[in-house]
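Summary of the model geometry
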Amino acid sequence: MTGAGETTLPTLVAEFTARKPAALARALSIIENHRADCDALLAALHPRLGRARRVGITGPPGAGKSTLAMRLAARWRSDGLTVGIVAVDPTSPFTGGALLGDRIRMEAVALDPGIFIRSMATRGALGGLAATTREAADVLDAYGFDRVLIETVGVGQSELDIARTADTSVVVLVPESGDSIQTMKAGLMEIADLFVVNKADRPGADRLRQELELMLGLRLGLVYKNVPSHHRVDLRPLNPARAARRAAAEPADAGGRWTPPVLAAVAATGEGIDALASALDAHFDYLGRSGALRVRRRQRLRERVVDAAERRVRSRLWENGAMQTWLESQLDALEAGALTPLAVAEALLARSAARLAESSTERSPDDHRS
Ligand SMILES: Nc1nc2c(ncn2[C@@H]2O[C@H](COP(=O)(O)OP(=O)(O)O)[C@@H](O)[C@H]2O)c(=O)[nH]1
Ligand SMILES: [Mg+2]
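Parameters and conventions
Residues numbered from 1 in each chain as written. Chains lettered and ligands numbered in written order. Predicted model: local features only at pLDDT ≥ 70, side-chain atom pairs only at ≥ 80, totals over all residues. Heavy atoms only, no water. Helix = DSSP H or I, 4+ residues; strand = E, 2+ residues; numbered from the N terminus. Expected span 1.5 Å × (residues − 1). Buried < 20%, exposed > 50% of the residue type's maximum accessible area, 1.4 Å probe, protein only. Salt bridge = Lys/Arg side-chain N within 4 Å of Asp/Glu carboxyl O. Contact = heavy atoms within 4.5 Å. Pairing = 2+ DSSP bridges. Axes fitted to C-alpha atoms, helices over the stretch in contact; angles between N-to-C directions.

Topic: helix α4 (residues 65-78)
Taking 1.5 Å per residue as the helical rise, α4 with its 14 residues ought to reach 20 Å, and the 20 Å between its terminal C-alpha atoms agrees with that figure. Taken together, the buried positions of α4 are Lys65, Ser66, Thr67, Leu68, Ala69, Met70, Leu72, Ala73 and Trp76. Gly80 lies just past α4 and shows a positive phi near 85 degrees.

Let's talk about the pattern of salt bridges
Scanning all chains against the criterion turns up 18 salt bridges. Arg53 is the partner of Asp281 in a salt bridge, and the nearest nitrogen-oxygen pair spans 3.3 Å. In this pair, Asp281 is assigned in helix α13 (residues 273-290) and Arg53 in strand β1 (residues 53-59), connecting sequence segments 228 residues apart. A salt bridge links Asp138 to Arg54; its shortest N-O distance comes to 2.6 Å. Residue Asp138 is located in helix α7 (residues 129-143), and its partner Arg54 is located in strand β1; the two are separated by 84 residues in the primary sequence. The structure contains a network of salt bridges with shared partners spanning Arg54, Asp138, Asp141 and Arg304.

Here we look at the environment of Val86
Relative to the helices and strands, Val86 is located in strand β2 (residues 83-88). Distance in space between the C-alpha atoms of Val86 and Val148 is 7.7 Å, their sequence separation being 62 residues. With near-sequence residues (within four places) excluded, Val86 lies in contact with Arg118, Met120, Thr133, Ala136, Ala137, Leu140, Leu149, Ile150 and Glu151.

A closer look at the sheet that holds strand β7 (residues 262-264)
Reading across from one edge, β3-β2-β4-β1-β5-β6-β7 is the order of the seven strands in this open sheet, with parallel pairing throughout. Looking at which strands have only one partner, the edges of the open sheet turn out to be β3 (115-119) and β7. Shown here is a sheet whose adjacent strand axes are inclined to one another by a mean of 20 degrees, direction ignored. Where strand β6 (residues 194-197) meets β7, three bridges bridge the pair, whose relative direction is parallel. The residue of β7 that forms the bridge with Val197 is Ala264.

Next comes the structure, spelled out in structure tokens:
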């Protein structure tokens, strides 16, 4: 193997195992650029996965996700935990925006070997942005970080896919996003294990919290579920927002359900970060106790196999151009009605069978995963 630059893959893995930061950076570059030995690298790291707690931070651009991530990382560092961060946010890269102005904090972070930040390029992610980000998170996990933070902008399916790869998903909203809540992608609501209303120093934060709690209460049916059935005298209709708030005060109920808490924060000053860290711990405890962690992680593995298989089928079908040419040759018959699209598809698969079954190790590195 030569794809790792001057070093061979076994050397890279050895240096990675010795926790050399340069090896970590190189491993991430191999993943990000889909270099030839990225599959072999991921295979070498696979047995080491699962130690880190993965936390996704998703929300609109400018909501304060990066600021929040830094605060959270600093908080975890003060508990003696190490933190790896992967950020996919073209609008405010980690090295720019808010954090560039905050020299002291950036320097403290840059000098701290217990924090590692990687901003992913969003252009030209060949295997799909979600796949690349997930693999970068794997690398950080394998390296031994206690916490892995994944920052994404909460727009688009790819970002939601990324958020879904975390153990815990935090959705960050700001008062300015209040009006868009109604139109907000249902997906964003669905993935949230925890809501943070950031920029609580601005007007409208309380209202946004109440709206979120109302939506949650209605969606989870807390109005009824929270009324104890044996308290017949207490059957007053409960305000859904209040029910959600009450349920989130003890988010994991006896029935094994988790009610996403709606927290307020001012990431810029660090207000609310302790409560967020505690809520994240509570969620992770809940995941462990309820068995949901194992379910989520097994689901993640299942999806990865499906992803990998589908990606390979697609590239093996079309990579050499012969099938395109053959398909072109069928168009006349299709147009004349002599052949059906389904029949041509079946014939195409039959013609590709040998190619589809080929092992990727028999292939040259450069047709890998295009
Ligand atoms: N007023 C206020 N501004 C904040 C707060 N948190 C972050 N910001 C600012 O919001 C802007 C965007 O922050 P950033 O973390 O880059 O947002 P991201 O795009 O979601 O990652 C920056 O100028 C921050 O300083 C907050 O709690 N209150
Ligand atoms: Mg950001």
